[in-house]
Amino acid sequence: MTGLWLPLTATALAAALTWWCCLRPMAQNRSCHSTSDPELQEELRAVREELRQLRDQATPPAVLRDRPEILDR
């Protein structure tokens, strides 16, 4: 029984810190990742568009083939 106190205390402390630092601010709608800044929203939109363009450039174009692909063994 004595060996269980440390893990139980650590678990309770972790749960309390999670509630205090993460869940409580989100419940009060004042989390650290709120994005109400219009400049930030515009920058995020531009970065997402740039990322989409880069992904489109990196993806090889689809090649339509008349016959099935032959794999070397």
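The structure displayed is predicted, hence computed values, not measured ones.

Analysis parameters
Residues numbered from 1 in each chain as written. Predicted model: local features only at pLDDT ≥ 70, side-chain atom pairs only at ≥ 80, totals over all residues. Heavy atoms only, no water. Disulfide = S-S within 2.5 Å. Buried < 20%, exposed > 50% of the residue type's maximum accessible area, 1.4 Å probe, protein only. Phe/Tyr/Trp six-rings, centres within 6.5 Å; stacked < 30°, edge-to-face > 60°. Lys NZ or Arg CZ within 6 Å of the ring centre and 35° of its normal. Salt bridge = Lys/Arg side-chain N within 4 Å of Asp/Glu carboxyl O. Helix = DSSP H or I, 4+ residues; strand = E, 2+ residues; numbered from the N terminus. Expected span 1.5 Å × (residues − 1). Bend = angle between axes of the 7 residues up to and from the residue.

Chemist: Even after reading the chapter, I still don't get the state of the cysteines, so can you show me in this structure?
Modeler: One covalent bond between the sulfur atoms of two cysteine residues makes up a disulfide. Applying the stated criterion across every chain, the model contains zero disulfides. Free of any disulfide, C21 has its nearest neighbouring cysteine sulfur in C22, separated by 6.0 Å. C22 gets classed as partly exposed once you look at its relative accessible area, which sits at 41%.

Chemist: Is there a simple way to explain the packing of aromatic side chains in this structure?
Modeler: For any pair of aromatic rings, geometry is given as the distance between the ring centres together with the angle between the planes. If you walk through the whole model with that rule in mind, you get one aromatic pair. The ring of W20 is capped by R24, whose NZ or CZ atom sits 3.7 Å from the centre of that ring.

Chemist: Even after reading the chapter, I still don't get the pattern of salt bridges, so can you show me in this structure?
Modeler: Where charged atoms from two side chains of opposite charge approach closely, those side chains can pair. This structure, assessed with the given rule, holds three salt bridges. A salt bridge links R52 to E49; the shortest N-O distance between them is 2.5 Å. Residue R52 and its partner E49 are both found in helix α2 (residues 38-58); the two are separated by three residues, about one turn of the helix. Under the relative-accessibility criterion, E49 is labelled partly exposed at 30%. For the salt bridge of R52 with D56, the shortest nitrogen-to-oxygen distance reads 2.7 Å. One end of the pair is R52 and the other is D56, both in helix α2 and four residues apart, which spans about a single turn. Through salt bridges that share partners, E49, R52 and D56 make up one connected network.

Chemist: Got a minute to help me understand helix α1 (residues 5-27) in this structure?
Modeler: Residues separated by three or four positions in an α-helix point in the same direction, a consequence of the helix having 3.6 residues per turn. Along its 23 residues, α1 runs 31 Å from first to last C-alpha, staying within 8% of the 33 Å computed at 1.5 Å per residue. Taking the largest bend as the criterion, α1 deviates by roughly 40°, centred on W19.

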